[in-house]
Amino acid sequence: MLREVARLLAIAMLVCTFAPGQNDTVQRLVAADAARLITHADPVVRGEAALVLASAHDPANHGAILLVAKDGHQDAQLRGLLALGLQGTPGVASVLDELLEDQSERTGPAG
């Protein structure tokens, strides 16, 4: 499990160092790995996979990232919310507002 997360993060960092357009093949391979891990049993792996998908800024990944943002496990959900913000697809602000409002209803005044 940790090996998978470390591999995804290392590849994502590598992808971020390339200029846009020079790494299409690598991005597709990384996105395919991340998409496969969105349903992983470990919530941290699901969350990290969402962050990797978000870094591609591909609107096609929005649904998968949204699933993680609505995950029942906090480790996945927090990363999913961060991934939604990172992805920055049109309309994501209203989705984040709705999800964060739902979260505030579950917490008390102390947070």
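The structure contained in this document is the topic of the report that follows. (Residues numbered from 1 in each chain as written. Predicted model: local features only at pLDDT ≥ 70, side-chain atom pairs only at ≥ 80, totals over all residues. Heavy atoms only, no water.)

### A word on the overall build of the chain
Consideration 1: From N to C terminus, the chain includes 6 helices and 0 strands.
Consideration 2: For the chain, the N- to C-terminal ordering of α and β elements is α-α-α-α-α-α.
Consideration 3: In the chain, which comprises 111 residues, the share counted as buried stands at 36%.
Consideration 4: Considering only residue pairs separated by 6 or more positions, the chain has 51% of its internal contacts joining residues 24 or more positions apart.
Consideration 5: Roughly 6,600 Å² of accessible area belongs to the chain as shown, and the carbon and sulfur atoms make up 60% of that amount. (Helix = DSSP H or I, 4+ residues; strand = E, 2+ residues; numbered from the N terminus. Buried < 20%, exposed > 50% of the residue type's maximum accessible area, 1.4 Å probe, protein only. Contact = heavy atoms within 4.5 Å. Areas by Shrake-Rupley, 256 points an atom, 1.4 Å probe, with all protein chains shown as cover.)

### Notes on the pattern of salt bridges
Consideration 1: Per the counting criterion, the structure on display carries 3 salt bridges.
Consideration 2: Here Asp33 ties to Arg36 by a salt bridge, and the two come within 3.7 Å at their closest N and O atoms. With Asp33 and Arg36 both in helix α2 (residues 24-37), this residue pair falls 3 residues apart, about one helical turn.
Consideration 3: Across the pair Arg46 and Asp71 runs a salt bridge, and its minimum N-O distance is 2.8 Å. A residue pair is termed long-range when its members are at least 10 positions apart, and Arg46 in helix α3 (residues 43-55) and Asp71 in the loop between α4 (62-69) and α5 (74-87) qualify at 25 residues. (Salt bridge = Lys/Arg side-chain N within 4 Å of Asp/Glu carboxyl O.)

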